[in-house]
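In case you want the letters, here they are:
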Amino acid sequence: MTANAKQPDGTGGLLPSRRAGEVLDEPVPPSPAKPGPGGETADAARQLLEIARDLAISLRPHRRRTLRVALDSSIDRDLGLDSLGRVELVLRIERAFKAHLAEEVISEAETLGDVLAALRRAARASPVEAVAPLALSLEPIASAPSEALTLLEVLEWHVARHPDRPHIRLEVSDDSQLIITYAALHERARAAAAGLQTLGVGSGDTVAIMLPTGVDFFAAFFGALYAGAVPVPIYPPFRPAQLEDHLRRQVGILRNAEARVLLTTAEGRRVAALVRDQIETLRSVETVADLVAANARLLSRPCAPGDVALVQYTSGSTGDPKGVVLSHANLLANIRAMGEALEASSQDVFVSWLPLYHDMGLIGAWLGSLYFAALAVILSPIRFLARPERWLWAIHRNRATLSAAPNFAYELCLRRIADADINGLDLSTWRMAVNGAEPVSPATLRGFAERFAPFGFRKEAIAPVYGLAECAVGLAFPPPSRGAFVDRVQRASLSAGGFARPAAPNDATALEFVACGHALPGHEIRIVDPAGRELDERHEGRLQFRGPSTTRGYLRNPEKTKTLFDGDWLESGDLAYVVGGEIFLTGRSKDIIIRAGRNIYPHEVEQAIGELSGVRRGCVVAFGSHDPAAGTERLIVIAETRAIEAGERAALRRQIDELVEALLEMPPDDVVLAPPHSVLKTSSGKIRRAACRDLYERGQIGERADPIWRQVVRLRLSGAKARAIRMGAALRALLYAAYWWLLLGVTASFVWPLVALLPDRDLRWRIVHAAARLFLRSAAVRFEIIGSEALPGGGAVMAANHSSYFDSVVVAALLRTPPVFVAKKELAAQFFAGTFLRRLGALFVERTDPEGGIASADAVLAAARAGATLFFFPEGTFTRAPGLLGFHMGAFHVASRTGLPVVPIAIRGTRSILRGDQWFPRHGAVQVLVQRPVTPKGEDWNSALELRDRVRKILLPLVGEPDRAAERIEPPSAGKNHA
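Residues numbered from 1 in each chain as written. Predicted model: local features only at pLDDT ≥ 70, side-chain atom pairs only at ≥ 80, totals over all residues. Heavy atoms only, no water.

Q: When you look at the sheet that holds strand S33 (residues 796-800) in this model, what are you seeing that I'm missing?
A: Strand pairing within a sheet occurs via backbone hydrogen bonds; the two strands may be parallel or antiparallel. If you walk across this open sheet you meet the seven strands as S32-S39-S38-S33-S36-S34-S35, and the pairing is mixed. Both edges of this open sheet fall to strand S32 (782-786) and strand S35 (843-845), since each of them pairs with a single strand only. Within the sheet, the average angular offset between the axes of one strand and its neighbour, ignoring direction, is 20°. Summarising the sheet, S32 and strand S39 (residues 925-930) pair through five bridges and their orientation is parallel. Directly across from glutamate 784, in S39, lies its bridge partner glutamine 927. (Pairing = 2+ DSSP bridges. Helix = DSSP H or I, 4+ residues; strand = E, 2+ residues; numbered from the N terminus. Axes fitted to C-alpha atoms, helices over the stretch in contact; angles between N-to-C directions.)

And the structure:
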């Protein structure tokens, strides 16, 4: 990954380096602090101002000359600090003064004077002592609500069976927790629902929930569902003082959602009248306490799996809101699939500080814990930001097994927690540390594992995942306890040809990408080229997905919905490549900026800044630049201007800072005022954000521009090589596919008649074997057999994985002596396939037989007892998605009844050459791994089951694909039969 130009300072902050063409003005002394009641106070004020100034300048050096720092300086407006900047400010102050500030300082302090006042009240810091685990032992629950069709049925299922079981432990403070049982949640939610109904809320109406983490949020969410309405969580203001401005920014979302009721805090209710008139559908602004106090009677409303259960707005989408519509069926499918991937159970404890308006916190942490009856330990985001160590102590104190966070949170813990604050910490129970919601940094993963290994953290617990709101939350998870896997690829190969070629260990220029796992059970992922054709492994392209968790589209936004779908596949907006079914994200095809887990849409920023006087309209670019030290992205703005005078430029920078803060509730991390023609565009006038990012990170923004003709020539030449490589690769792939099919047709035209006419079966097979070998050689398919000495000469059962139609050619090339294929009965009715297989001695069986698909058991058993070598594909079918499916019992039933050994055979590479549901073969290599025979331990059904499991356990790691045994795969239609 490309690193941006930043250097660590001595206090854990970040100092952007000087950029070419931009002069950093000399610093001026800070404004003198007003003396306090004593000299000590005056010294503290002076030191505090110096800390604040150093931080503000380190984050935004372009404000060095104009920055005024005094006790009455606004932390937001004057210093330009967002939530993470406030966290850094408090951290530096605490380290300098060896004190602990109240966490409210981060969210409520308006000025540096407020911080100084809090500092006077602060207690001296003392080493943190290890906290004993809280005693709360929960009995395991043998089952989960697997038959539930809606979220309401899930809650009712738990209430009916264990109403007093703790569901949520809400950490209110360091020494105060609140337990919420299933019965308590159920009771308060129904009371809130009845209150909503008295306000006229009916089926399908939307209820906006703008509440901080707390009891009221949980009741509001299920209260909306019980009322027959649709909950719409929107993020609350970071600071109470921002409430009015924050509400104004949410008008676009509230309008798009057509919210009938807004549930908020008492403070929010008082100021909501300022925006109520701007939203025609909004009838009322209420608190949950008011709804419950109505003491109304709840009218039951029907709820079906296809009903909308949630509208999830992608954070930051205030200008053009995109509300992801998710049904009960979508949410439950995702929760169940994630639970299977996590091996979740009622004995898990999930600690989360994630915001409840965010899909990872709402669905992944809370609703997932609800479904599996795992204890959910919830603390507010502000408690984490104020003291990142609280997250880790909560894991220690609750003996937690699961927790999740974006990459920046792991980086925050890595760089902001002092050893003295975690003395005695024990993270040994943490079995899956999920890292998602923003790009995952390999350096962060390595650093976190090393930093916290002395505290019991196991590197195998690291679990980088991939998901997006359009798939509820989760899409790909790695195997449990696998740990992080980082792929190093050649930079030139990926950037020029889109091929992720593995790099040599000593390649200092290699790019690193983190494996984010396989698609969740029941879900599929594919990588496609610009024409929509699926790409082979290690080829970069657009990531598309489908599955039962996928949204039906965006609420009242048909244009955005149209761009989301490609047939029944959905566009993720991400670029990636696949290896062994695992995805490796390389970038974004859309230009969304992800900062601290929040989405920022650059076009909103660009349009707003383009309206400012002094800025060239249409010549503004906003993009994210990865910050390896902070573990997230920086928001960079480049604006073209003809202004030259220093005062005018300073005023323009200040206007941009204030405008972006007003729009996003966070200022830009860097503003570059560049001369005309600095913002790169395509020939059609579209902004080239990636190219602008590259110039910025190389420090070349603002350099004296070459003549236009020279720029055009250089740009065309720079892209010509990459285009030529990609076009050449596409042409070669097309020619190879045509040659492949021609070669197959010619081969078949000779082999089929010989097999049909020759009288000797052994001779027929020798022809097939030789033809298969010749085909592989002529098609330039690298064919490798490992363990050929284990191939039986007769009297055995061979069982191989099945991933492609091409497997039949590979098996023919593998076996020198004729086997007896056990094939599906449907093939017998086909003239070409049926005739061919019958002449080779195949036996046809019925797949629906209760005992594993052996309809002609006597014939198969007779062949086995006669010394034949039987060949099975025990999966019975294959799919386009990678993964080893569950095994049918036929092969193992026969082996157990006859005492024949089973030879496991792993076939690798055929799926990449000819994927299921596609007819476009690709060049590749095939490897066959033959394993030592496995002997059955008995003749009964249980012995056959045990034999099946042993063979599958041998094959699974060899195949190199995910385990899909639990998935139900419908057999293909008659037109898509597999041997």
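Q: Teacher, can you tell me more about the environment of alanine 102 here?
A: When you line up the elements, alanine 102 lands in the loop between strand S3 (99-100) and helix H3 (104-108). Along the primary structure alanine 102 and leucine 119 are separated by 17 residues, whereas in three dimensions their C-alpha atoms are 8.7 Å apart.

Q: Help me understand the nonpolar core in this model?
A: Generally speaking, nonpolar side chains in soluble globular proteins are found buried as a group. Membership of the largest hydrophobic core comes to 162 residues, with the highest contact counts inside it found for Phe221, Phe222, Trp366, Trp391 and Leu392. Top contributing element to this core by residue count: helix H1 (residues 39-59), with ten residues. When sequence neighbours within four positions are dropped, the list of residues in contact with phenylalanine 222 reads Leu151, Leu152, Leu155, Leu185, Ala189, Trp366, Leu367 and Leu370. Grouped together as the second largest cluster of nonpolar side chains are 40 residues, Tyr736, Phe775, Phe806 and Val809 included. (Core = buried A, V, L, I, M, F, W, Y, C linked by side-chain atoms within 4.5 Å. Buried < 20%, exposed > 50% of the residue type's maximum accessible area, 1.4 Å probe, protein only. Contact = heavy atoms within 4.5 Å.)

Q: In this structure, what is going on with the sheet that holds strand S13 (residues 349-352)? I would like to understand it.
A: A sheet is described by the order of its strands in space; here seven strands give the open sequence S6-S5-S14-S13-S15-S16-S17, paired in mixed fashion. Of all strands in the sheet, those with a lone pairing partner are strand S6 (176-181) and strand S17 (462-464), marking the two edges. Going from strand to strand, the sheet's axes swing by 20° on average, the running direction of each strand aside. Pairing analysis gives three bridges linking strand S5 (residues 166-173) to strand S14 (residues 375-378), with the strands arranged parallel. From the neighbouring strand, isoleucine 168 faces S14, where its bridge partner is alanine 376.

Q: Sorry if this is basic, but what is going on with the pairing of strand S23 (residues 541-546) here?
A: Across a regular strand the side chains alternate sides, sitting on one face of the sheet and then on the other. Taking burial as the measure, the six residues of S23 include five buried ones, the bulk of the element. Bridge count between strand S22 (residues 524-528) and S23: five bridges; the pairing is antiparallel. Bridge pairing in S23 links glutamate 524 to arginine 546. Pairing geometry for S23 and strand S25 (residues 569-579), over four bridges, is antiparallel. Counted as the bridge partner of phenylalanine 545 is leucine 570 from S25.

Q: Just checking my understanding: could you explain the pattern of salt bridges for this structure?
A: Once the charged atoms of two side chains with opposite charge are near each other, the side chains can pair. Within this structure, the stated rule accounts for 30 salt bridges. A salt bridge links arginine 269 to aspartate 290; the nearest nitrogen and oxygen atoms lie 2.0 Å apart. Taken together, the residues span a long stretch of sequence, with arginine 269 in helix H10 (residues 266-271) and aspartate 290 in helix H12 (residues 288-293) at a distance of 21 residues. Since its relative accessible area comes to 31%, aspartate 290 is described here as partly exposed. Arginine 911 is paired through a salt bridge with glutamate 961; the nearest N and O atoms lie 2.7 Å apart. One end of the pair, arginine 911, is in helix H31 (residues 910-913); the other, glutamate 961, is in the loop between helix H32 (941-959) and strand S40 (963-964), with 50 residues separating them in the sequence. (Salt bridge = Lys/Arg side-chain N within 4 Å of Asp/Glu carboxyl O.)

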